[in-house]
Amino acid sequence: MKLLSEEFLSKYRGVTPANAGVLFYPVYLRTYSRWLEDHKRRERWDETVERVVEYSLSLYQGPASVEELQAEAENLYDHIFNLKLLPAGRTLWVGGTKAAEKFGEGNFNCSFTVIDSIESFADLFHLLLCGCGVGFRVLKEDVSSLPYFRKVTLINQEYKPVPAIERIEETELHDWCFNEPEHMIEVGDSREGWVEALKIYMNICADKEFHDDGLETVVIINYDNIRPKGERIKSFGGIAPGPEGLMEMFRSITEIIAHSSGNLTPVECMDICNLIGKNVIVGGTRRSSQVALGSPTDKQFLDAKKDLWKNKTHLHRAMSNNSIVFESFPEQHQIKDVFAGIRNNGEPGFFNLRAARRRRPTMEGSNPCMEVLMDNRGFCNLCTINLMSFVDRGYFNIHGALQAISLATRVGSRMTNIDISLPKWDKVQKRDRLLGVSMTGIMDAFDALGWEHDSEEAREVLTLLRKEANDEASRYAHEMRIPRPLLVTTLKPEGTLSQLPTVSSGLHRSYAPYFIRRVRVSDMDPVCKALINIGVPYEPDASKKERMVFSFPLRTSTKISANEEPAHRQFNRYLTMMEHYVDHNASCTLTIGEDEWEEMEKLVYENFDSVVACAFLPKYTDAYPQMPYEEITKEVYEEMMKTFPDLTHLPELVNMYERDEFEEDELEAECAGGACPIK
């Protein structure tokens, strides 16, 4: 049932959102706008919002009348369209599509698993392919549950793609001869096919039934059914990466098992997870976000990324952020060791299980950005309100903000009604119903209002918003007759979504009053070609020749640069948010000056029972070419803006370039035997 009428939607056609920032069009077109095959163009923002709102309300289960649902749909549409409220980025991309119907988990930002079975590796692979970030734990007691793995001989067959009409979807296992330990895995052309291939292969390595005494086990993998690199993926979107990454993944996993004792160590398990993630992003068509949680007594884990870029070995380990898990209050020397490692290598960080379990006793780990507290096989779907959108000429519209956070809570609550394709995960998700109601533009709002983050006014607003979110979570769960969410509020990094209104991300301060924000885009992306055409300043990426770097001048309401803010004030802001707003954890990265490390080490130790997890990085001290952020003066900003182009026509240019590319793709696919949508 369609809830949004054409009469209502007509008011938004051809309109730029009220709170759109400089980066709105480039980021939206690059990240969230789907290709509409019937129209041979990308979605417009009003169409994306329509798709997402209709999808969100379709998940409702309860007694509300059609009229009430229509009123909520219109209210929600206006909030999302004007960037006051934003659902999960994953839902902006996949919500309301056939892919979301088949893989509801594609809507979820966050997930967590304990690596204690072959199934957990396969689940991690599946979730990364669906676009979920995955946190995983590899404590010694976790991986000790894994089976013994035997060495096998792997043969990757030469890739000879078959016509689309002949491709199989499901992976098949063939035994060449009943009495010989030689097997062939024929990989199917689907997400399920890729995951099943990994599961079959690891089971062959582990299962005694696949081994005859004294005979070498040979596994041949055939990739011919996988669509060639460059074919359009029609359901999830994007471009197919081809089989090369999958081949390398199996090759590398085979080497890890061959060099192991058979009983995989935590770091060897981490390596396999990282290699899976590396395969997922091959070709730049997907993202892969991971965090690895290990033991503070596991020296191999502690040193896993030591001198990673200097030695240029094990570079796949860059796929995950690594953190050690403290289950009890650490000794002071352990905190000192953590900070020594962070100063030298940036990692590992720490995750305070003791503090986290005071907030949620049944939690086992967290997602990659560490803002959600999860049980094994847990999910969370995040949504955001833009606090800056409720500031007008020095006045904060608290009633508008409360309405927005109530709507955001309802969006997240409806998302928990989704069916997950993994039954064990579905059971945990429907039991816990975790919400992640977040905020962005916080410091821009406070700076515009002249409030300190720990002022009475700020604390009161944070407390009111937290109460409203939790009250609405309880009320709406009762209305829909579902379990009340265990936890409701969080603060996520907000890196991409915050760029649509172009406000300070999460709880972080804007980089400077005036600065250049550099955005990297593949030179094959139609968005790249359109940005060049329209006149956005650009230059080739010095570190990757296939990319261009575009420069956007930004103005903010902050009075000081991020580098000027003392580290102890940043840490205090984290503690303030944890006390007055956050149920889960607040994801934050604290930037530390050279003379501030000892003070920060002391503050963390003294406040350890209040800290679940933080990231720490040195402050920028030396400028280098093509920095993502570069502070500039007001005069330089105004000079750049004199010639900076109007980006409102960017969508038309992107469509022009992508239409040309699409027609070329269709011709090539027809010559190859036709295109097949992703399964």
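Preceding this paragraph is the structure being described.
Treat the numbers as computed from the prediction; the structure is a model and nothing was measured.

Draft legend 1. A look at the packing of helix H19 (residues 456-480) against helix H21 (residues 567-580). The interhelical angle for the contact between H19 and H21, taken along N-to-C directions, is 40°, at an axis separation of 9 Å. One finds that H19 runs oblique with respect to H21. For the pair formed by H19 and H21, the contact residues are Arg459, Leu462, Thr463 and Arg466 on the first element and Thr576, Met577, Met578, Glu579 and His580 on the second. Per-class residue counts for the contact of H19 with H21 are three nonpolar, three polar and three charged.

Draft legend 2. The sheet that holds strand E7 (residues 172-175), seen in detail. Strand order in this open sheet of four strands is E6-E9-E8-E7, and the pairing throughout is mixed. Whereas interior strands pair on both sides, the edge strands pair on one side only; in this sheet they are strand E6 (153-156) and E7. Ignoring strand direction, the axes of neighbouring strands in this sheet form an average angle of 20°. For E6 and strand E9 (residues 218-222), the ladder comprises four bridges, and the chain directions are parallel.

Draft legend 3. Main features of helix H14 (residues 332-345). The end-to-end C-alpha separation of H14 is 20 Å, in line with the 20 Å expected for 14 residues at 1.5 Å each. For H14, the set of buried residues is Ile335, Val338, Phe339, Gly341 and Ile342. Projected down its long axis, H14 shows its buried positions confined to an angular sector of 155°, all on one face. Away from its buried face by more than 90 degrees, H14 exposes Asp337 and Asn344.

Draft legend 4. The arrangement of the side chain of serine 120 in detail. By secondary structure assignment, the location of serine 120 is in helix H7 (residues 118-129). Classification of serine 120 by relative accessible area gives buried; the value is 4%. Here aspartate 116 takes part through its backbone nitrogen, which lies 3.4 Å from a polar atom of the side chain of serine 120. For serine 120, the residues in contact, after removing those within four places along its chain, are Thr113, Val114 and Ile115.

How each quantity is defined
- Residues numbered from 1 in each chain as written.
- Predicted model: local features only at pLDDT ≥ 70, side-chain atom pairs only at ≥ 80, totals over all residues.
- Heavy atoms only, no water.
- Axes fitted to C-alpha atoms, helices over the stretch in contact; angles between N-to-C directions.
- Helix = DSSP H or I, 4+ residues; strand = E, 2+ residues; numbered from the N terminus.
- Parallel < 35°, antiparallel > 145°, perpendicular 65-115°, else oblique.
- Contact = heavy atoms within 4.5 Å.
- Nonpolar A, V, L, I, M, F, W, Y, C, P; charged D, E, K, R; others polar.
- Pairing = 2+ DSSP bridges.
- Expected span 1.5 Å × (residues − 1).
- Buried < 20%, exposed > 50% of the residue type's maximum accessible area, 1.4 Å probe, protein only.
- Arc of directions from axis to C-beta.
- Polar contact = N/O pair within 3.5 Å; in protein donor to acceptor, adjacent residues only side chain to side chain.

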